[in-house]
Amino acid sequence: MNKKYKIPYIYQKMQENGYTSLDNYLWLNEMRWMPIDKILEYQHDEGESESILPFAITGGGDKWVWIVDEENEEYKVGLCERGEFNGIYYAKNTEDAIIRQIIEFVSDSNFYLSEMNAKSYQINECELKQMLQKWKNSFTGILNERYLNIIDILSGLCLKHVKSSYGEWYALLSLDERQDMLDKYISFDLLDEEFEWYSE
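Summarised in this report is the structure supplied together with it. Here the structure is a predicted model, which is why all the values come from computation and not from measurement.

1. Details of the pattern of salt bridges
Working step 1: Across all of its chains, the model carries ten salt bridges by this definition.
Working step 2: Between Arg32 and Glu30 there is a salt bridge, with its nearest N and O atoms 3.8 Å apart.
Working step 3: Take Glu30: its relative accessible area is 31%, and that puts it in the partly exposed class.
Working step 4: Where Glu177 meets Lys160, a salt bridge forms, and the shortest distance between an N and an O atom there is 2.5 Å. Linking Glu177 in helix H6 (residues 175–185) with Lys160 in strand S6 (residues 160–164), this pair joins segments that are 17 residues apart in sequence.
Working step 5: Through salt bridges that share partners, Arg100, Glu104 and Asp192 make up one connected network.

2. Some details on the environment of Glu193
Working step 1: As for its position among the elements, Glu193 is in the loop between H6 and strand S8 (194–196).
Working step 2: The contacts of Glu193, once residues within four sequence positions are left out, are Gly87, Ile88 and Tyr89.

3. Notes on helix H3 (residues 94–107)
Working step 1: For H3, spanning 14 residues, the distance from its first C-alpha to its last is 20 Å, which sits close to the expected 20 Å at 1.5 Å a residue.
Working step 2: Most of H3 sits inside the fold, with 14 of its 14 residues counted as buried.

4. A look at the nonpolar core
Working step 1: Tyr11, Trp33, Phe55 and Leu154 are the most contacted members of the largest nonpolar core, which has 53 residues in total.
Working step 2: Beyond its immediate stretch of four places on either side in the chain, Tyr11 contacts Thr20, Trp33, Met34, Ile36, Ile39, Phe55 and Trp66.
Working step 3: In this structure, Ile52, Cys80, Phe195 and Trp197 belong to the second largest nonpolar core, which totals nine residues.

What counts, and at which threshold
Residues numbered from 1 in each chain as written. Predicted model: local features only at pLDDT ≥ 70, side-chain atom pairs only at ≥ 80, totals over all residues. Heavy atoms only, no water. Salt bridge = Lys/Arg side-chain N within 4 Å of Asp/Glu carboxyl O. Buried < 20%, exposed > 50% of the residue type's maximum accessible area, 1.4 Å probe, protein only. Helix = DSSP H or I, 4+ residues; strand = E, 2+ residues; numbered from the N terminus. Contact = heavy atoms within 4.5 Å. Expected span 1.5 Å × (residues − 1). Core = buried A, V, L, I, M, F, W, Y, C linked by side-chain atoms within 4.5 Å.

Shown next, in the form of C-alpha cells:
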C-alpha cells in the first residue's frame, strides 16, 4: 500500500457499500469506479505525474484522477484524456464530481420520448426517474443534503426539447440551465482549467 495517498472519505464509504465491486456496482454515467486496492496498486507510466492518482475511467479509457495535495486531504478531481499532455480540473472534490456527473447526464442526449425513434443507448423518462431515485438512495449518507436535494429537483423535471449548435435532443436541462446549475453549486477558481499530467 502506498501510504502517501489518502483515499477520500466519500470514496471509502462508496467501497464500504460495495459500489466499486461487481456484486453491488453503482453505475454513474462516465465514471467506471476502481476498487481501492487497485487504486493503491496503480503503477505510473514513464512521464506520468505522480501527483495524479486514477480512481475511475471513462467508457473511452480516459482517466478520472485525484490530484494529490499533501496539504489538503480533499483532492481535486481531474480528467486526463489519452493522447493529451494536459488534463482539466473537473471538480474541487469527489463529491462535486459525482453531482456534476449526474447534472451532465440528465442534460445530454441520453433519452427518448418516442420508442420508435430511440437509439440503442437511450432510455425513457420513467427509467431516468428510476435511475435518479437509485442514485439518491445509494448516495444518502455519502453526499451532503444539498446535493441530494438537487437529485430531487431533477427528478421533478420532465423531458423537454433541447436545441443548440450541437444538435437537438430531449433532456431534463438545457445547456444553459446545466451551466447555471454548475455555476451555482460546484464552481471553483480552477474549474475546467488545464494542468499538466504527462510529459515526454
